[in-house]
Amino acid sequence: MPLRYWKVRPYVLTAGRTRTRQPLLVHTLVSVPYYDAVFAAGLLPEARSLYENARRAARSVAELSAVCGISLGVTRVVVDDLAATDRLLVHGDHDNVDFRLLERLRDGLRKLA
């Protein structure tokens, strides 16, 4: 049986990069604005899996990582690469945030403590 070099594949997927062009936190939501089957067919299997899973619904980076079985660091870099080609939409952390709701939640938790 040939040896499997498990550390090589992530390096190939990210081209050795460990940082992203934009901040991608674990709770950052991403989605596919328009699906392109030809583009998807040309992707590496891991990138295709991320692309396919993000097209069904907006998902967090952590959720995509878990669903696709790809490490969080690799997921972040590949998602960033897909976003750079405008194939994946990264939703800002400030989108759809109701700060009044968060403040009420915080205050309620303080009362319980």
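Residues numbered from 1 in each chain as written. Predicted model: local features only at pLDDT ≥ 70, side-chain atom pairs only at ≥ 80, totals over all residues. Heavy atoms only, no water.

Asks: For this particular structure, what's the right way to read helix 5 (residues 72–84)?
Replies: Note: α-helices contain 3.6 residues per turn, so residues at a spacing of three or four share the same orientation. The end-to-end C-alpha distance of helix 5 is 18 Å, a good match for the 18 Å that 13 residues give at a rise of 1.5 Å each. Taken together, the buried positions of helix 5 are Val74, Thr75, Val77, Val78, Val79, Asp80, Leu82 and Ala83. (Helix = DSSP H or I, 4+ residues; strand = E, 2+ residues; numbered from the N terminus. Expected span 1.5 Å × (residues − 1). Buried < 20%, exposed > 50% of the residue type's maximum accessible area, 1.4 Å probe, protein only.)

Asks: Help me understand helix 3 (residues 45–56), please; the structure alone is not making it clear to me.
Replies: Between its first and last C-alpha, helix 3 extends 17 Å over 12 residues, near the 16 Å set by a 1.5 Å rise per residue. The complete set of buried residues in helix 3 reads Glu46, Ala47, Leu50, Tyr51, Glu52, Asn53 and Ala54.

Asks: Explain the sheet that holds strand 2 (residues 59–60) to me, please; I cannot follow it from the model alone.
Replies: Backbone-to-backbone hydrogen bonds join strands into a sheet, with any given pair of strands oriented parallel or antiparallel. Reading across the sheet, the three strands line up as 2-1-3 and stay open at both edges, with antiparallel pairing between neighbours. Since the sheet does not close on itself, it has two edges, and those belong to strand 2 and strand 3 (89–90), each with one partner. Pairing analysis gives two bridges linking strand 1 (residues 29–31) to strand 3, with the strands arranged antiparallel. The residue of strand 3 that forms the bridge with Ser31 is Leu89. (Pairing = 2+ DSSP bridges.)

Asks: Looking at this structure, how should I read the environment of Glu52?
Replies: Along the chain, Glu52 turns up in helix 3. For Glu52, a relative accessible area of 17% translates into the label buried. For the pair Glu52 and Ala37, spaced 15 residues apart in the sequence, the C-alpha separation amounts to 9.5 Å. With residues near it in sequence (within four places) discarded, Glu52 still touches Tyr35 and Ala40. (Contact = heavy atoms within 4.5 Å.)

Asks: What am I meant to see in the side chain of Thr28 here?
Replies: As for its position among the elements, Thr28 is in the loop between helix 1 (8–14) and strand 1. Using a relative accessible area of 1% as the deciding quantity, one classes Thr28 as buried. A distance of 2.9 Å separates the side chain of Thr28 from the backbone nitrogen of Leu25, its partner in a polar contact. (Polar contact = N/O pair within 3.5 Å; in protein donor to acceptor, adjacent residues only side chain to side chain.)

Asks: For this particular structure, what's the right way to read the nonpolar core?
Replies: For soluble globular proteins, the rule of thumb is that nonpolar side chains tend to be buried together. Counting 18 residues, the largest nonpolar core has Leu50, Tyr51, Val79, Leu82 and Leu88 as its most contacted members. Every element with two or more residues in this core is listed here: helix 2 (37–41), helix 3, helix 4 (61–68) and helix 5. (Core = buried A, V, L, I, M, F, W, Y, C linked by side-chain atoms within 4.5 Å.)

Asks: Where do I start with the pattern of salt bridges in this structure?
Replies: Two side chains of opposite charge can pair, provided their charged atoms sit close to one another. Counted by the stated rule, this structure contains six salt bridges. The residue Asp36 makes a salt bridge to Arg87 at a minimum N-O spacing of 2.8 Å. Highlighted residues: Asp36 in the loop between strand 1 and helix 2 and Arg87 in the loop between helix 5 and strand 3, separated in sequence by 51 residues. Accessibility expressed as a relative area gives 19% for Arg87, which makes it buried. Its salt-bridge partner being Arg55, residue Glu52 comes within 3.4 Å of it at the nearest N-O pair. One end of the pair, Glu52, and the other, Arg55, are both in helix 3, three residues apart, so they sit about a helical turn from each other. (Salt bridge = Lys/Arg side-chain N within 4 Å of Asp/Glu carboxyl O.)

Function-wise, these values are silent; they only describe arrangement.
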